[in-house]
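# Architecture and fold: a report
Letter by letter, the chains look like this.
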Amino acid sequence: MTSANMAEPTREAWLNRITATGLTVSDDPAPSDVLSPREAWQSVIHGEVQPAATVPLSHPQALTEVDRQWHVHAAQNELFGNDGSFLLSISGSGSWGFGWAVVKWSPRTELAPKLSKGEEGLDFVAMSLNGKSVCAVTEEEYDYWIVVQQLR
C-alpha cells in the first residue's frame, strides 16, 4: 500500500461520500450553538443507550430497512427542518474533524446502503438544526440500532 492510500481523507472526499447518498449538501455553516459531532456521537454510543428500533444484520434487506426505520424515527422526532435540512456526521477516519455537514433530505436518499463500508460497518449521527433531536444508526454485534435522543 502506498502512503497516498494511507493518507487521511479530505473534507472533499468526506462530502463526496455524503452526496453519494442522494442528500444535498449545503454551503451554509452548521449552527454554532449545538453539540459538536463528537458530543452528539457520545450521546448515542454510551453504555446506557437503548435503541428505538433494531434491524438484524442478517435481515435480507437490512440496509433498506435501516433507512426506512431511521427515516420514520427521524421524522417522528422532528429531526428535519421545514425544508428537509438537518446536520450529519458520518463515521470514518478524521470525520469528527470535519464538523457537521448541513444536508437536505430528498426522496431518493439512500443513507445506509451508500454509507455502509463492509468490514468498517455503518454508523452515522444526524441532528436537527436546532440541536434538540439526534437520530443515529450504529452497527452493533448482531443488529443495526436506530438510536434517538432528545437533548433540550
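The structure this text deals with has already been given above.
This section reports on the structure supplied with the text. In this text the structure is predicted, and so the values were computed from the model without any measurement.

### Some words on the nonpolar core
Judged by nonpolar contacts, the single largest core of 29 residues is most densely connected at Trp70, Phe86, Leu88 and Phe124. Examining the composition of this core, we find that 4 residues originate from one element, helix α3 (residues 62-76), more than from any other. By size, the runner-up hydrophobic cluster in this structure holds 13 residues, among which are Val44, Val49, Leu87 and Val147.

### A look at the environment of Val44
Considering the arrangement of structural elements, one finds Val44 in helix α2 (residues 37-45). We classify Val44 as buried; its relative accessible area is 2%. As for Val44 and Thr138, which are separated by 94 residues in sequence, their C-alpha atoms are 8.5 Å apart. Look past the residues within four positions of Val44 in its chain and what remains in contact with it is Val49, Val125, Val134, Ala136, Val147 and Gln149.

### Considering the side chain of Ser106
Note that Ser106 resides in the loop between β4 (101-104) and α4 (111-115). The class of Ser106 is buried, set by a relative accessible area of 8%. Within the local environment of Ser106, its side chain forms a polar contact with the backbone oxygen of Gly22, the two atoms lying 3.3 Å apart.

### Digging into the packing of aromatic side chains
Counted according to the given criterion, the structure contains 7 aromatic pairs. Seen from their ring centres, Trp14 and Phe98 are 5.2 Å apart, and the 40° between their planes marks the pair as tilted. Remark: Phe98 occurs in the loop between β3 (85-90) and β4 and Trp14 occurs in helix α1 (residues 11-19); sequence separation between them is 84 residues. Taken individually, Trp14 and Phe98 each receive the classification buried, so the pair is uniform in this respect. Ring centres 5.8 Å apart and planes at 50° place the aromatic pair Trp70 and Phe86 in the tilted group. Of the two residues, Trp70 sits in helix α3 while Phe86 sits in strand β3, which places them 16 residues apart along the sequence. Just as Trp70 is buried, Phe86 falls in that class too.

Reading the values: rules and limits
- Along each chain, numbering runs from 1 in the same order as the chain's sequence is written.
- Reporting of local features is limited, given that this is a predicted model, to residues whose pLDDT is at least 70; pairs of side-chain atoms are given and counted only at 80 or more, and all residues count toward the totals for whole chains, interfaces and linings.
- With hydrogens and water excluded, all non-hydrogen atoms of the structure serve as input to the side-chain values.
- Each nonpolar core is a collection of buried residues, namely Ala, Val, Leu, Ile, Met, Phe, Trp, Tyr and Cys, held together in the definition by side-chain atoms within 4.5 Å.
- Buried, partly exposed and exposed residues are distinguished by accessible area as a fraction of the type maximum, computed with a 1.4 Å probe on protein chains only: under 20%, between the cut-offs, and over 50%, respectively.
- Under the scheme used here, helices are H or I runs from DSSP no shorter than 4 residues and strands are E runs no shorter than 2 residues, and both carry numbers assigned from the N terminus.
- Working rule for contacts: check all heavy atoms of both residues, and any pair within 4.5 Å makes them a contact.
- Throughout this description, a polar contact denotes any pair of N or O atoms lying within 3.5 Å of each other; where both atoms belong to protein, one of them has to be capable of donating a hydrogen while the other can accept it, and for residues adjacent in sequence the pair is counted only when both atoms sit in side chains.
- Stacked, tilted and edge-to-face are the three classes assigned to paired rings of Phe, Tyr and Trp, where Trp is represented by its six-membered ring and a pair needs centres within 6.5 Å; plane angles under 30 degrees give stacked, over 60 edge-to-face, the rest tilted.

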